[in-house]
Amino acid sequence: MTPTQSSTRHDVDVRSSVVAELEWTPGLDAAEIGVAVEHGAVTLTGKAASYAERLRAEKAALRVQGVIAVADEIEVRLPGAAPDDSDVAREAGEALDRAVDVPPEVTAVVRDGVVTVAGEVTWQFQRVAAERAVQYLRGVVAVRNKVTLKPEAEAENVHRLINSALVRNAQLDSNRITVTSAPGGVVTLRGTVQSWAERRQAERAAWAAPGVVTVVNELVLGS
């Protein structure tokens, strides 16, 4: 078998696994979602009845072994009459207020069902929480996260702190990951991991360090 034939066979197997995972995932109409694979990169097309369903499809594809990236081109088509933007905005504001891990400085703007959250926070988990607070509301077709990070103080020894976190993590082989830090809270991860889940775990560990504003994840999947 030539390298080209081997790559094609791999993509066929990955596509079959992604389709099976979509069909296995509750809350998804897998028949409405198209799957294409090229060199391990998956493209999802078709339609979903909600933004939450679209997110479930993307997460399902990322769970499959052999997937190195996912391009989510699924279109959200709300069944029936879509709620007014004013109603979605009101609910988004209330959801942000209820979220205990979202600072009051974060606000939401809605246009054509697209919710944009903005503001300035100290930690990445607060930025993630702001998006999570609004993404499952009825009428939302997409979420744009424009929340920025401004740590209270520049952390010292960021490199050491992240390396220690990687060593502690049972799901990671820290010997295969290199961490570099630069002024301004920029951290870069390089090396190899065995799955997309490991890649996400390493990135979460980096974000947890104080003073981190940006994580550049250059980890690649390898054996």
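In the block above lies the structure referred to throughout.
Residues numbered from 1 in each chain as written. Predicted model: local features only at pLDDT ≥ 70, side-chain atom pairs only at ≥ 80, totals over all residues. Heavy atoms only, no water.

## A word on the overall build of the chain
For the chain, the helix and strand inventory stands at 6 helices and 10 strands. Each of the three principal axes of the chain carries a C-alpha extent, and together these read 55 × 50 × 25 Å. Taken across its 223 residues, the chain has 39% of its residues classed as buried. Counting contacts in the chain only where the partners sit at least 6 residues apart, residues at least 24 apart contribute 65% of the total. Of the accessible surface of the chain, which amounts to about 12400 Å², a share of 50% is contributed by carbon and sulfur atoms. Measuring between centres, the 24 positive side-chain charges of the chain sit 2 Å from its 30 negative side-chain charges. (Helix = DSSP H or I, 4+ residues; strand = E, 2+ residues; numbered from the N terminus. Buried < 20%, exposed > 50% of the residue type's maximum accessible area, 1.4 Å probe, protein only. Contact = heavy atoms within 4.5 Å. Areas by Shrake-Rupley, 256 points an atom, 1.4 Å probe, with all protein chains shown as cover. Lys, Arg positive; Asp, Glu negative; His and termini not counted. Charge placed at Lys NZ, Arg CZ, Asp CG, Glu CD.)

## Brief notes about the sheet that holds strand β8 (residues 177–182)
In a beta sheet, neighbouring strands pair by backbone hydrogen bonds and run either parallel or antiparallel. Taken in spatial order, the 3 strands line up as β8-β9-β10 in an open sheet, and their pairing is mixed. Two strands bound the open sheet, and with one partner strand each, they are β8 and β10 (214–221). Across the sheet, the mean angle separating the axes of adjacent strands is 10 degrees when strand polarity is ignored. Note that strand β9 (residues 186–193) and β10 share 8 bridges and pair parallel. Bridge pairing in β10 links L189 to N217. In the packing of helix α5 (residues 158–168) onto the sheet, the strands contacted are β8 and β9, and the crossing angle to β8 comes to about 155 degrees. Contacting β8, β9 and β10, helix α6 (residues 196–207) crosses the sheet at an angle of about 155 degrees to β10. (Pairing = 2+ DSSP bridges. Axes fitted to C-alpha atoms, helices over the stretch in contact; angles between N-to-C directions.)

## Some details on the side chain of R54
Here R54 is to be found in helix α2 (residues 51–62). When near neighbours in sequence (up to four residues on either side) are disregarded, R54 contacts A48, D72, I74, V76, V141 and A142.

## Section: the pattern of salt bridges
Overall, the coordinates contain 6 salt bridges when judged by the stated rule. In this structure, the salt-bridge partner of E75 is R77, at a minimum N-O distance of 3.2 Å. By relative accessible area, which is 41% here, E75 ends up partly exposed. In this structure, D101 engages R132 in a salt bridge whose closest nitrogen and oxygen atoms are separated by 3.4 Å. Taken together, the residues span a long stretch of sequence, with D101 in the loop between α3 (85–98) and β5 (107–111) and R132 in helix α4 (residues 124–134) at a distance of 31 residues. For D101, a relative accessible area of 25% corresponds to the partly exposed category. (Salt bridge = Lys/Arg side-chain N within 4 Å of Asp/Glu carboxyl O.)

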